[in-house]
Amino acid sequence: MGSHSKGVPAPDHGPVDWSAEDKVKIEEIFQRYPERRAGLLPVLWLAQQKWGWLSESVIRRVGLTMGLPPSDVLAVASFYTMFKKEPTGRYVLQVCHTLSCALRGADQIVSYLEGKLQIDPHTGHSPDGMFKLERVECLASCGSAPMMQVDEHFYELLTPQKIDEILDGFKSGRPLPTPRPEADQWTWNRVS
Ligand code: FES
């Protein structure tokens, strides 16, 4: 897993296990589906919330829980951008930069976030390690461009003011729920 150079050990959590409370949540997840393996995504999500990212140890633990080989768990985790396969900021800000978002100011959104969070251009992290900024491909919310995804939340029709509110929410530990897009809130200065 990861892209670490030869001789440099990949970061890992070491041995991990679920708490009794986690096991209750996992049982609840399994009861929602006719087959255990159908609960893989929510179990992976629970693992990421608990350990912050999906290291080899975490993937192995999820595999044992699901009765699946780690390679199958990793294949699914790798398919979804919301799952983090390396240590990263608590909040990964994934800004779409595909056509609709690009035309409606995705570059300005990225620049605004870079400046406001003092993002390191090489690592994409903020100095406090709380945020990581990424450019991603279309997230299927083109009609509400420009947009970004943070965990399971979509933030659409972004403006500097909205970004300020969203970041304040994260910093206070109370992320804002996904807001409803409102077409008349489009106030970003478009590229001429
Ligand atoms: S182009 Fe950005 S969500 Fe589709």
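Everything discussed here concerns the structure shown above.
Report follows, based on the coordinates. (Residues numbered from 1 in each chain as written. Predicted model: local features only at pLDDT ≥ 70, side-chain atom pairs only at ≥ 80, totals over all residues. Heavy atoms only, no water.)

### Digging into the pattern of salt bridges
Next up, step 1: Applying the stated criterion across every chain, the model contains eight salt bridges.
Next up, step 2: Across the pair E27 and R36 runs a salt bridge, and its minimum N-O distance is 3.8 Å.
Next up, step 3: A relative accessible area of 38% means that E27 is categorised as partly exposed.
Next up, step 4: Classification of R36 by relative accessible area gives partly exposed; the value is 43%.
Next up, step 5: Across the pair E86 and K132 runs a salt bridge, and its minimum N-O distance is 3.6 Å. Here the residue E86 occupies a position in the loop between α4 (70-79) and β1 (91-96), and K132 occupies one in strand β2 (residues 131-136), the gap between them amounting to 46 residues.
Next up, step 6: With relative accessibility at 32%, the residue E86 sits in the partly exposed group.
Next up, step 7: We classify K132 as buried; its relative accessible area is 12%. (Salt bridge = Lys/Arg side-chain N within 4 Å of Asp/Glu carboxyl O. Buried < 20%, exposed > 50% of the residue type's maximum accessible area, 1.4 Å probe, protein only. Helix = DSSP H or I, 4+ residues; strand = E, 2+ residues; numbered from the N terminus.)

### Considerations on the nonpolar core
Next up, step 1: Counting residues in each nonpolar core, the largest one holds 21 residues, and the members touching the most others are W18, V43, L44, L54 and V62.
Next up, step 2: The set of elements that each furnish at least two residues to this core consists of α1 (20-31), α2 (40-51), α3 (56-66) and α4.
Next up, step 3: Once you skip the residues sitting within four places of it in the chain, V43 turns out to touch W18, I26, I29, F30, V62 and M66.
Next up, step 4: Counting residues in hydrophobic clusters, the runner-up holds 18 residues, among them L93, V95, L133 and V150. (Core = buried A, V, L, I, M, F, W, Y, C linked by side-chain atoms within 4.5 Å. Contact = heavy atoms within 4.5 Å.)

### A word on the environment of V73
Next up, step 1: When you line up the elements, V73 lands in helix α4.
Next up, step 2: Expressed as a C-alpha distance, the spacing of V73 and L44, which sit 29 residues apart in the sequence, is 8.5 Å.
Next up, step 3: When neighbours within four sequence positions are excluded, V73 is seen to be in contact with L40, L44, I59, V62, G63 and L68.

### A short note on the packing of α2 against α3
Next up, step 1: Between α2 and α3, whose axes approach to 10 Å, the crossing angle comes to 140°. Crossing of α2 against α3: the hand is right-handed. Where α2 abuts α3, its residues L40, V43, L44, A47 and W51 lie against V58, I59, R61, V62 and M66.
Next up, step 2: Across the contact of α2 with α3, the residue classes tally to nine nonpolar, no polar and one charged. (Axes fitted to C-alpha atoms, helices over the stretch in contact; angles between N-to-C directions. Left-handed = near helix turned anticlockwise from the far one by under 90°. Nonpolar A, V, L, I, M, F, W, Y, C, P; charged D, E, K, R; others polar.)

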